[in-house]
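# Structure assessment
So you can see what is in the structure, the chains are spelled out below.
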Amino acid sequence: MPATRPALAASFLILAATSAPAVANSSGGSMGSMPSVSAPEFDIAEEYRRGIDALKASQFADAKKAFDKVLGVAPTDANANFLAGMARAGLNDFKGAAKNYERAVKADSKLVAAHQELAVTYLKLGRRDKAEAQLAKLQKLEASCAGTCKDAQAIKDAVTAVQAALAAPPQASLTTMPPLLFASSEAGDHAYLDAVALINDHRYPEAIQSLERARAAFGAHPDILTYLGFANRKLHRFDAAEHYYRMALAAEPEHRQATEYYGELMVERGDLAGAKAMLARLEGLCTFGCAEADELRQWIAAKGQPAS
């Protein structure tokens, strides 16, 4: 079986242009617990774009509401936390903004804009030591990049912005202009299709980078999360893979490919009982049979080494 199914890429473009599947809250947890099978009546990709549109229009209360709904499903999503922080900052809730930015940099330590805004927000809260710590992290990223990485200019600009904020007099109005993550839907489509091609070429680290660009445009979309799980699994990052599969199933409990791949991961980890439970879920979804159930059944029978 090929690494991916081309039909999924085509279906994603339709979802991105119109709407995405309904999403569910996830309780998280270990391999022993199953993802949620219920879903609230809202669309995670649509809500994410609604939040971005509201933020662009300086409608901060609406933006906060939208991103908080997204975070109810994907609480560790770095982009959603960063944008929620910006919405709260727009409402002058700097303590709340700091919490969101802290979650963003914890989820993605290389999210430059979040480090920048966190540093400035700490200054607004009178926490200079913490602002200086964020500057140190940005300078470490700058040294590691050495002017050669794709984010070199963004890192340099962030360092300059934070240094200027630290040098400003106490009474100054601290504002910065971070590079926003407002990727267009078209750019997200291209990034997603690039990722699919990279996965089919077994270029998993590069695929992950493309998928992250797609996630900046569409948020915690289940198709993106499923492929993030797949690519990390192929790199033997099993904990990361599980995290993304669970997030995908929280976003769409009936996502067949996420269910199949999560089951395959369970087989690879020796959890045949868990894999069989995922197969039972697939069989319930596929009344007349489906390729995902057939493939997972082969994995279980072969204990992770299905015939090619």
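Throughout what follows, the structure given in this document is the object of discussion. (Residues numbered from 1 in each chain as written. Predicted model: local features only at pLDDT ≥ 70, side-chain atom pairs only at ≥ 80, totals over all residues. Heavy atoms only, no water.)

All right, on to the overall build of the protein chain then. Broken down by element type, the protein chain carries 15 helices and 0 strands. Restricting the contact set of the protein chain to residue pairs at least 6 apart, pairs at least 24 apart contribute 61%. (Helix = DSSP H or I, 4+ residues; strand = E, 2+ residues; numbered from the N terminus. Contact = heavy atoms within 4.5 Å.)

Counted under the stated rule, the structure contains 2 disulfides. A sulfur-sulfur distance of 2.1 Å marks the disulfide that ties C145 to C149. Around the S-S axis, the bridge from C145 to C149 shows a dihedral of about -105 degrees and counts as left-handed. By relative accessible area, C145 is classed as buried at 7%. Judged by its relative accessible area of 31%, C149 falls in the partly exposed class. In this model, C286 is linked to C290 through a disulfide, with the two sulfur atoms separated by 2.0 Å. A torsion of 70 degrees about the S-S bond marks the disulfide between C286 and C290 as right-handed. With a relative accessible area of 8%, C290 lands in the buried category. The disulfide pattern of the protein chain is 1-2, 3-4 when the bonded cysteines are numbered in sequence order. (Disulfide = S-S within 2.5 Å. Buried < 20%, exposed > 50% of the residue type's maximum accessible area, 1.4 Å probe, protein only.)

Once that is clear, we can look at the side chain of E264. Mapped onto the fold, E264 is located in helix α13 (residues 256-268). Look at E264 and you get buried, because its relative accessible area is 3%.

To continue, consider helix α6 (residues 112-124). With 13 residues, α6 extends 19 Å from end C-alpha to end C-alpha; this agrees with the ideal 18 Å at 1.5 Å per step. Within α6, 12 of the 13 residues are buried, which leaves it mostly tucked inside the rest of the structure. Where α6 is buried, its residues contact α4 (78-90), α5 (94-107), α7 (128-145) and α8 (152-167). After α6 finishes, the residue G126 shows a positive phi value of roughly 75 degrees. (Expected span 1.5 Å × (residues − 1).)

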